[in-house]
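Report on the structure
Here are the chains, one letter per residue:
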Amino acid sequence: MVVRVQQAAFDYGQECAAFASTAAQAHAGAVVTFAGIVRDWPGGGLQGMEIEHYPGMTERALAAIEAEARQRWALQEVLIVHRHGQLAPGDIIMMVATASAHRADAFDAAAFLMDYLKSRAPFWKKEIGPEGAQWVEARETDEEALRRW
Amino acid sequence: MVVRVQQAAFDYGQECAAFASTAAQAHAGAVVTFAGIVRDWPGGGLQGMEIEHYPGMTERALAAIEAEARQRWALQEVLIVHRHGQLAPGDIIMMVATASAHRADAFDAAAFLMDYLKSRAPFWKKEIGPEGAQWVEARETDEEALRRW
Amino acid sequence: MTLKVLYFAWLRERIGAPREDIETSAATVAELVAELRARGPRHEAALGDMAAVRVALDQELAALDAPLTGVREVAFFPPMTGG
Amino acid sequence: MTLKVLYFAWLRERIGAPREDIETSAATVAELVAELRARGPRHEAALGDMAAVRVALDQELAALDAPLTGVREVAFFPPMTGG
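Residues numbered from 1 in each chain as written. Chains lettered and ligands numbered in written order. Predicted model: local features only at pLDDT ≥ 70, side-chain atom pairs only at ≥ 80, totals over all residues. Heavy atoms only, no water.

With that out of the way, let us pick up the overall build of chain C. When helices and strands are tallied, chain C shows three helices and five strands. Listing the helices and strands of chain C from first to last along the sequence gives β-α-β-α-α-β-β-β. For 83 residues, the compact-globule estimate of 2.2 N^0.38 gives 12 Å, and the C-alpha radius of gyration of chain C, at 12 Å, lies within 12% of that figure. Taking the principal axes of the C-alpha coordinates as reference, chain C spans close to 30 × 30 × 20 Å. Restricting to contacts in chain C with at least 6 residues of sequence separation, those with at least 24 account for 50%. If you sum the accessible surface of chain C, you get close to 3900 Å²; carbon and sulfur atoms cover 52% of it. With 9 positive and 12 negative side-chain charges, chain C shows a spacing of 6 Å between the two charge centroids. (Helix = DSSP H or I, 4+ residues; strand = E, 2+ residues; numbered from the N terminus. Rg over C-alpha atoms; globule rule 2.2 N^0.38 Å. Contact = heavy atoms within 4.5 Å. Areas by Shrake-Rupley, 256 points an atom, 1.4 Å probe, with all protein chains shown as cover. Lys, Arg positive; Asp, Glu negative; His and termini not counted. Charge placed at Lys NZ, Arg CZ, Asp CG, Glu CD.)

Here it is as structure tokens:
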């Protein structure tokens, strides 16, 4: 397992390639990755995003979510990378990757990691636009998404 | 949409990076990728894999599956790459990638593409081991997987 | 009519050829299969158990009772195993 | 006991500080919140509607009625929006 919380940008393509290579060596047959991207507002105008987190608790929460996923599914490898600090529209915020013998486990585990990370890892997004900054509100659907697991 | 059927190896990391970059420009917020890897047998000994396909029908089937996914989910981008010919253990066989505003659509569409591709696109795998070659049999669970959609 | 008949994977291996052109008046896939099986042991070995065989007519999956009207290309193959 | 109390996101902005050390004998989170709200308008603005606030005790999510026994670090923040 690898969990990284960092301010610096990371190279999504390189992470995917390295993850798949490690997964192949561990005899995984299926790799799923998810990447979250800073999405501009529907009408445009988003200038940037600021991500705050709770150092210490963030790492603990991510490790706990990762351990839970490993208990539920047969996973060869798991990767979680999440940025904090200043981001621009189009920047990659975070990624998760899962590797398993079969695709169902890899898909379910990646979706599970995302659902829990969204609502249980202490990150908060602030969007900066022409009229100032605004904290992103949690979506009702994100809390609902947890109920399926 | 991009659908490629090719004998040549492709660079999974580079495909992921390029896909995420196109997705970001199209204002997607979520990217999901799946990669299938030639998996050695549990006890080892797999020497290689040969993938046969039905030129013409393959491209049509993949395009139809991709069109169906676009009808069901709001997708900014879709990519399907599938190799045929000779592969070695650890080689990447194929990948799909989906981009959407929200993660649920990207996850569901990628899982749907894989389920349909597995059972409806004309590819056949043959495994080569020390005692000769053997066609891979379709798994009952793959046919069942289609019923959830 | 003349049909282009294609075989893939272990069906191709049992037939010993990837393709043959067949002169037939079969009205359905099932009738064509019966004609092909009568050709000899290779065809019988390939098409003897149609529960293990999938059919495509002009590159679209089809059922055993599908009519061959207007069809130019028939393909026989095992269940797919891509991905 | 002395508690390290942390605030994040808009709670931090309303309080005007990311952290304060609080001398308290509160037995539960709810009692601590009541004490903090009494400190003035900034605390009232941050902790006035606890339905919009999440709590962590020593970096684990906790409920409003959770006891503070043995706890050293209490954090208040809005629902998470990572990913």
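This brings us to the relation of the copies chain A and chain B. Mapping chain A onto chain B calls for a rotation angle of 180 degrees and an axial translation of 0.0 Å; the resulting RMSD is 0.0 Å. Read as a symmetry element, the transformation amounts to a two-fold axis. Judged by C-alpha distance, Gly13(A) is the residue of chain A that lies nearest the rotation axis, at 2.1 Å. (Least-squares fit on C-alpha atoms with pLDDT ≥ 70 in both.)

Residue and element names in this part refer to chain C. Ordered in space as E2-E1-E5-E3-E4, the five strands form an open sheet in which the pairing is mixed. The strands lining the two open edges of the sheet, one partner per strand, are strand E2 (19-23) and strand E4 (60-62). Across the sheet, the mean angle separating the axes of adjacent strands is 30 degrees when strand polarity is ignored. The sheet contacts of helix H2 (residues 29-37) involve strand E1 (2-7), E2, strand E3 (54-57) and strand E5 (73-77), and relative to E5 the element is tilted by about 70 degrees. (Pairing = 2+ DSSP bridges. Axes fitted to C-alpha atoms, helices over the stretch in contact; angles between N-to-C directions.)

Moving on, we come to the pattern of salt bridges. Summed over the entire model, instances satisfying the criterion amount to 30 salt bridges over all chains. A salt bridge links Arg120(A) to Glu143(A); the shortest N-O distance between them is 3.0 Å. Of this pair, Arg120(A) sits in helix H3 (residues 103-120) while Glu143(A) is found in helix H4 (residues 140-145), placing the two residues 23 residues apart along the sequence. Overall, the relative accessible area of 29% leaves Arg120(A) in the partly exposed class. The partly exposed category is assigned to Glu143(A), whose relative accessible area is 30%. Salt-bridge contacts for Lys126(A) lead to Glu13(D); the nearest nitrogen and oxygen are separated by 2.3 Å. With Lys126(A) in strand E7 (residues 123-129) and Glu13(D) in helix H1 (residues 9-15), this residue pair bridges two chains. Relative accessible area serves as the criterion here: at 12%, Lys126(A) is assigned to the buried category. Sharing partners across several salt bridges, the network here consists of Arg103(A), Asp115(B), Arg139(B), Asp142(B) and Arg148(B). (Salt bridge = Lys/Arg side-chain N within 4 Å of Asp/Glu carboxyl O. Buried < 20%, exposed > 50% of the residue type's maximum accessible area, 1.4 Å probe, protein only.)

Another aspect to go through is the interface of chain C and chain B. Contacts between the two partners involve 21 residues from chain C, matched on the other side by 25 residues from chain B. Note on chain C versus chain B: buried area summed over both sides is about 1800 Å², and carbon and sulfur give 56% of it. Summed over the three residues of chain C that lose the most area to chain B, namely Met80(C), Thr81(C) and Gly83(C), the buried surface amounts to 38% of that side. The tally of links from chain C across to chain B stands at three salt bridges. Linking Arg60(B) and Glu60(C) is a salt bridge whose minimum nitrogen-to-oxygen distance equals 3.1 Å. One can count 13 residue pairs in polar contact (both at pLDDT 80 or more) joining chain C with chain B. Broken down by secondary-structure element, the contributors of at least two residues to the side of chain C that touches chain B are E1, helix H1 (9-15), E4 and E5 of chain C. Ranked by residues supplied to the side of chain C that touches chain B, first place goes to H1(C) with four residues. Across the side of chain C that touches chain B, the residue classes break down as 12 nonpolar, four polar and five charged. (Buried area = accessible area lost by both parts, 1.4 Å probe. Polar contact = N/O pair within 3.5 Å; in protein donor to acceptor, adjacent residues only side chain to side chain. Nonpolar A, V, L, I, M, F, W, Y, C, P; charged D, E, K, R; others polar.)

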